[in-house]
Amino acid sequence: MKKTKYLAFCAIMSALGVVILLLGSFFNIFDLCAVLIASILIFVVCEELGNGAGMLSYVVCAVIAFLILPSKLVATEYAIFGFYPVLRRIFEARPRGVCITLKALYMVASATLTIMLVRFVFTAGEPLELHWEILTGVIGLVCLVLCDIVFKRFSRHYHTKIRKMLRIDKFFG
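Note that the structure is a prediction, hence the values are computed from the model and not measured.

The number of helices and strands found in the chain is eight helices and zero strands. In the chain, the order of α-helices and β-strands from amino to carboxyl end is α-α-α-α-α-α-α-α. Overall, the C-alpha framework of the chain stretches about 55 × 40 × 25 Å when taken along its three principal axes. Long-range pairs, those at least 24 residues apart, make up 70% of the contacts in the chain between residues at least 6 apart in sequence. Total accessible area computed for the chain in this model is approximately 10,200 Å², and 73% of it derives from carbon and sulfur atoms. In the chain, the 18 positive side-chain charges and the 10 negative ones have mean positions that sit 15 Å from each other.

So this is what it looks like as structure tokens:
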């Protein structure tokens with residue numbers, strides 16, 4: 001019975017993540033917000049069931065997003081940024097200096113990957129001017145740093161208030 005509850009919780013969070021990504025896909029201005037909110041759902045799965053369940057939920061959500069979303073850009077953004085909650089938990093287990101270095105490396109790598117995908121895949125060979133690519137990279141890094149701050153504060157708030165309000169501890173207890 002306990003494994004059934006875990007599986008149901010992962011499935012519900014994955015389905016909710018896909019619905020949020022679908023809404024972000026319909027309204028292009030909310031695509032990054034949808035990715036962040038879907039990532040927060042992965043964070044909740046990681047906090048309750050561990051990194052393995054969080055990674056499973058992320059993979060299910062990413063695959064379904066690639067299959068059904070009309071905008072593949074949103075699915076790609078989620079594929080790049082969606083598993084950050086899992087990585088963040090792994091990074092946070094390391095000493096502070098190593099943690100900050102790993103987070104910075106991830107942020108630079110994901111911003112670079114995003115720029116390369118936009119340049120070579122989504123713009124169909126139309127080259128962007130270099131200053132736009134640099135500006136995009138800087139804005140991407142700032143957004144990732146802000147997302148890390150959001151996850152840190154949400155983590156604190158989740159453990160003190162949200163978890164008790166939703167009675168998740170009784171669901172798994």
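A few words on the packing of helix α1 (residues 2-26) against helix α2 (residues 31-49). Closest axis-to-axis distance for the α1/α2 pair is 8 Å, and the angle between their directions is 170°. Judged by the angle between their axes, α1 and α2 are roughly antiparallel. On the side of α1, the interface is formed by Tyr 6, Phe 9, Cys 10, Met 13, Leu 16, Gly 17, Ile 20, Leu 21 and Gly 24, while α2 contributes Asp 31, Ala 34, Val 35, Ile 37, Ala 38, Leu 41, Val 44, Val 45, Glu 48 and Leu 49. Residues of the contact of α1 with α2, tallied by class, amount to 15 nonpolar, two polar and two charged.

Turning our attention to the packing of aromatic side chains. In the structure shown here, the tally under the stated rule is ten aromatic pairs. Both rings, one in Tyr 58 and one in Phe 83, keep their centres 5.4 Å apart while their planes meet at 55°; by these two values the pair is tilted. Separated by 25 residues along the polypeptide, Tyr 58 in helix α3 (residues 51-68) and Phe 83 in the loop between α4 (72-81) and α5 (84-92) bring together distant segments of the chain. A relative accessible area of 8% places Tyr 58 in the buried class. Ring centres of Tyr 84 and Tyr 106 lie 5.3 Å apart, and the angle between their planes is 20°; this geometry places the pair in the stacked category. Taken as a pair, Tyr 84 in helix α5 and Tyr 106 in helix α6 (residues 96-122) lie far apart in primary sequence, 22 residues in all.

Under the definition given, this model contains five salt bridges. Residues Arg 163 and Glu 48 are paired through a salt bridge, measuring 2.6 Å at the closest nitrogen-oxygen approach. Of this pair, Arg 163 sits in helix α7 (residues 130-166) while Glu 48 is found in helix α2, placing the two residues 115 residues apart along the sequence. One salt bridge connects Asp 148 with Arg 88, and the closest N-O pair in it is separated by 3.2 Å. Here Asp 148 is found in helix α7, whereas its partner Arg 88 is found in helix α5, with 60 residues between them in sequence. Arg 88 gets classed as buried once you look at its relative accessible area, which sits at 9%. Through salt bridges with shared partners, one network takes in Arg 88, Glu 92, Lys 103 and Asp 148.

Our next topic: the packing of α1 against α3. It is the contact of α1 with α3, at a shortest axis distance of 9 Å, that shows an interaxial angle of 40°. Read as a crossing pair, α1 and α3 show a hand that is right-handed. Of α3, the residues touching α1 (which contributes Cys 10, Met 13, Ser 14, Gly 17, Val 18 and Leu 21) are Ala 53, Ser 57, Val 60, Cys 61, Ile 64, Ala 65 and Ile 68. In the contact of α1 with α3, the residues fall into ten nonpolar, three polar and no charged.

Before going further, it helps to examine the state of the cysteines. A full pass over the atoms with the stated rule returns zero disulfides. No disulfide involves Cys 33; its sulfur sits 9.1 Å from the nearest other cysteine sulfur, which is in Cys 147. Note on Cys 61: no disulfide assigned, nearest cysteine sulfur contributed by Cys 10 at a separation of 12 Å. In this structure Cys 61 comes out as buried when scored by relative accessible area, which is 0%.

Rules used throughout
Every residue gets a number counted from 1 within its own chain, in the order that chain's sequence is written. In view of the model being predicted, local features appear only for residues whose pLDDT reaches at least 70, and side-chain atom pairs are presented and counted only at 80 or more, with totals across whole chains, interfaces and linings using the full set of residues. Values shown for side chains rest on all heavy atoms present in the structure; no hydrogens or waters enter the calculation. Starting at the N terminus, helices and strands are each numbered in turn, a helix being any DSSP run of H or I of at least four residues and a strand any DSSP run of E of at least two. Only heavy atoms enter the contact rule, under which two residues are in contact if any of them lie within 4.5 Å. Here the accessible surface of atoms and residues is derived via Shrake-Rupley with a 1.4 Å probe, and residues count as covered only by protein chains that are part of the display. Neither His nor the chain ends is counted toward charge; the positive residues are Lys and Arg and the negative residues Asp and Glu. Here the site of a charge means NZ on Lys, CZ on Arg, CG on Asp, or CD on Glu. Axis definition: a line fitted to C-alpha atoms, over the contacting stretch in the case of helices. Angles run 0 to 180 degrees between N-to-C directions. The cut-offs work like this: below 35 degrees is roughly parallel, past 145 is roughly antiparallel, 65 to 115 is roughly perpendicular, and the gaps in between are oblique. Each residue receives one of three labels: charged for Asp, Glu, Lys and Arg, nonpolar for Ala, Val, Leu, Ile, Met, Phe, Trp, Tyr, Cys and Pro, and polar for the others, Gly being one of them. In this analysis, rings of Phe, Tyr and Trp, with Trp reduced to its six-membered ring, are considered paired at centre separations within 6.5 Å, and the interplanar angle assigns stacked below 30 degrees, edge-to-face beyond 60, and tilted for intermediate values. With a 1.4 Å probe rolled over the protein chains alone, any residue whose accessible area is under 20% of its type maximum counts as buried; one over 50% counts as exposed, and the rest are partly exposed. The working definition used for a salt bridge is a side-chain nitrogen of Lys or Arg within 4 Å of a carboxyl oxygen of Asp or Glu. For any helix crossing, the convention is left-handed if the near helix is rotated counterclockwise from the far helix by under a right angle, and right-handed if that rotation is clockwise. Disulfide assignment relies on a single distance test, namely cysteine sulfur atoms paired within 2.5 Å.

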